[in-house]
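Chain by chain, the residues run as shown.
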Amino acid sequence: MTFLIRPCRYFQKAKAGNANEILKRLEDYLKDNANTPIQILCGFWKDQQAAITYQELRQAVIEGVMTKETFNIWSKDYSILVQNKLRYVWEDAMKAGSVSQPILFDLQRFTFHSSHAINWIQHHGAEFVTAVTQEQKGAISALLARSVREKHSVDELAKFIRSCIGLTEPQAKANLRYYENVVANLKEQHPRMKTESV
């Protein structure tokens, strides 16, 4: 009886090649299908912007804080978004990744509606909802900071905040800096322009 002993490097190379193939297929899938989640999220943020009134935003600027109820509503909306739309995007991504896994072809009863796939989607969906809601909370809190409120009128900030719904804190701060630079340039180049027009 003969045993064939292969050095560990052989197995590591085989694994690395397989991993690279899986990553390549997933990367190709993401490149080809990036528009769907982008459209879903951008449409969702537009709906959120439209749902909040200027009166609510003005009140938030005056008080310096957005109500907890607003963030709870957003959190529920994100949960519905995950369940009704993003879940199917994630399932499709799992299917694309599985094409590289020959072992899955041998499993006759494997399905993406199995408890493991559903648990993964629910767990990561909940993480997504929490993370995105916290990001929005951080972004709006940064825009409602006293230093920001002292520089801008209530109406100006209410309009600005509405367009930043869906952004992260660094993105919202970058937009505010850009906005302030545009306003400063307009005032400098057109000194007789009214503040409301600027």
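So, here is what we can say about the structure in this document.

Procedures and definitions
Each residue is numbered by its place in its chain's sequence as written, counting from 1. Given that the model is predicted, a residue must reach a pLDDT of at least 70 before its local features are reported, and side-chain atom pairs must reach 80 or more before they are shown or counted; all residues, however, enter totals for whole chains, interfaces and linings. The basis for the side-chain values is all heavy atoms of the structure; hydrogens and waters are excluded. Salt bridges are defined as contacts in which a side-chain nitrogen from Lys or Arg sits within 4 Å of a carboxyl oxygen from Asp or Glu. The numbering of helices and of strands both runs from the N terminus, where a helix is a DSSP run of H or I of at least 4 residues and a strand a run of E of at least 2. A 1.4 Å probe rolled over the protein chains alone gives each residue an accessible area, and that area as a share of the maximum for its type sets the label: buried under 20%, exposed over 50%, partly exposed in between.

Bringing the pattern of salt bridges into the picture now. Enumeration according to the criterion identifies two salt bridges in this entry. Between Arg58 and Asp155 there is a salt bridge, with the nearest N and O atoms lying 2.5 Å from each other. Placement of the pair is Arg58 in helix 3 (residues 54–63) and Asp155 in helix 8 (residues 154–163), with a sequence separation of 97 residues. A relative accessible area of 42% places Asp155 in the partly exposed class. The residue Lys173 makes a salt bridge to Glu169 at a minimum N-O spacing of 3.1 Å.

Turning to the environment of Lys95, a few remarks are in order. Relative to the helices and strands, Lys95 is located in helix 4 (residues 68–98). Given the relative accessible area of 37%, Lys95 is considered partly exposed. As a C-alpha pair, Lys95 and Leu26 span 69 residues in sequence and 9.8 Å in three-dimensional space.

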